[in-house]
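# Analysis of the macromolecular model
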Amino acid sequence: METRVQEIRRAFDRDLAAASDKEALAAIRVRYLGRRAGLLTGLLKDLRELSPQKRAASGKAVNDLKTHLERSLEEAEARRRGSEDAPGEELDPTLPGRAQRPGTSHPITQVRGLIEEIFLEMGYALESGPEIETDYYNFEALNMPPHHPARDMQDTFYLKPHPFHPKAGLLLRTHTSPVQIRTLEKQRPPVKMVALGTVFRRDSDVTHSPVFHQVEGLVVDEGITFAHLKGTLEHFCRRVFERDLTIRLRPSYFPFVEPGAEYDISCIFCTGGCSRCKGSGFIEMGGAGMVHPAVFEKVGYDPERYSGFAFGLGIERIAMLKHGIDDIRLFYENDLRFLGQFPA
Ligand code: FA5
């Protein structure tokens, strides 16, 4: 029996080494492991007919052979499958390629681009300022001296003095209004500028984020009036929301404008009151007003000669209204299921 086992093993190894394709391997499986007439099946049958002592002696050899046959065949079949899948072996050039989804710009970047475009059309210049600001530009030059209660509305992140910025009192700007001061310092009227950029506040809920984006507008010249402000806001809001709407100005307080106002647009979602306008028919947009004489004095302009208007608004707010988004955090989660809905 042991001699037969060895013969079968040698023959199997020879056959397996010579097998070059799937069919040859299948034939070997039938020849050696086939249920009815396989050589191993034959051996097992013969084993059953041996006396108990002889069966015990030959049983181990037959079992080892069985393990060898099964394992070697499985390995050979796996190798063949692997080489079939290898690149270049059976390339089908007619298969369609995997589509690459083109990237798009972030919805905030898209809305920012649209806002810039509208103001450039109106002849505004684009200005910018640093995101790490001094207390002077962020508050003091805007008529908010230390301990002014209006500072409480814009709590922010303060930087400790550091070798790279040794001056005390540096902070992350809370609004884009410091760019008003920087622009008025560097040029003389007529001034007609917008500044768009990132701002920071200690603020967080479904409509407020600690990092967000604002637009600042400033026009200064002789003879600028509140009517210019209203007309500008109305034209801008109609362009950005692509529809006819009206502007409503409500008296409000910002220390750097006088008179100051908050401006609303007639609701873009309804005609008679809905949850988005809280039944009022108007939606809040931002703050605005006429440049305060104290600001002109800080930058050395004669408030008797020059007048101007300024306004500010949040880019996220515009994007949320334009796209009907209720939760500001969606903009920053980088979820492609959300971002993919804004093809550029
Ligand atoms: C200001 O920041 C003033 N600098 C605006 C201004 C400019 C007034 C020029 C007068 C003249 P306010 O704090 O209201 O104002 O912010 C303006 C807009 O920024 C708000 O209407 C809102 O849309 C947006 N905003 C404010 N805080 C947040 C926040 N945490 N997250 C997202 N958007 C915000």
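Let us look at the structure shown here.

Basis of the calculations
Residues numbered from 1 in each chain as written. Predicted model: local features only at pLDDT ≥ 70, side-chain atom pairs only at ≥ 80, totals over all residues. Heavy atoms only, no water. Buried < 20%, exposed > 50% of the residue type's maximum accessible area, 1.4 Å probe, protein only. Helix = DSSP H or I, 4+ residues; strand = E, 2+ residues; numbered from the N terminus. Pairing = 2+ DSSP bridges. 1 Å grid on protein atoms, 1.4 Å probe; cavity = no way out; pocket = protein on both sides within 12 Å on 5 of 7 lines; lining within 4 Å. Points joined across faces, edges and corners; volume = space filled by probe spheres on them. Nonpolar A, V, L, I, M, F, W, Y, C, P; charged D, E, K, R; others polar. Near = heavy atom within 4 Å. Polar contact = N/O pair within 3.5 Å; in protein donor to acceptor, adjacent residues only side chain to side chain. Areas by Shrake-Rupley, 256 points an atom, 1.4 Å probe, with all protein chains shown as cover.

### Focus: the pairing of strand β10 (residues 307-314)
Most of β10 is tucked away: seven of the eight residues are buried. Across eight bridges, the pairing between strand β6 (residues 211-221) and β10 is antiparallel. Following the sheet pairing, V220 is matched in β10 by G308. When strand β9 (residues 282-291) meets β10, the two strands line up antiparallel, connected through five bridges. If you follow G287 over to β10, its bridge partner there is G312.

### Comments concerning the layout of surface pockets
Taken as a whole, the second largest pocket holds about 220 Å³ of empty space. Forming the boundary of the second largest pocket are R101, P102, G103, T104, S105, H106, P107, L336, L339, G340, F342 and P343. Its residues assigned to classes, the lining of the second largest pocket shows six nonpolar, five polar and one charged.

### A look at the site of the ligand
Around the ligand sit 25 residues in total, of which H175, S177, R201, S209 and Q214 are the nearest. Here a nitrogen atom of the ligand and a side-chain polar atom of H175 are 2.9 Å apart. Here D203 contributes a side-chain N or O atom positioned 3.1 Å from a nitrogen atom of the ligand. Surface burial for the ligand is 90%, taken as the share of its 680 Å² of free accessible area covered by protein chains. Elements with a contribution of two residues or more to the shell around the ligand: β6, β9 and β10. Class assignment for the residues of the shell around the ligand results in nine nonpolar, twelve polar and four charged.

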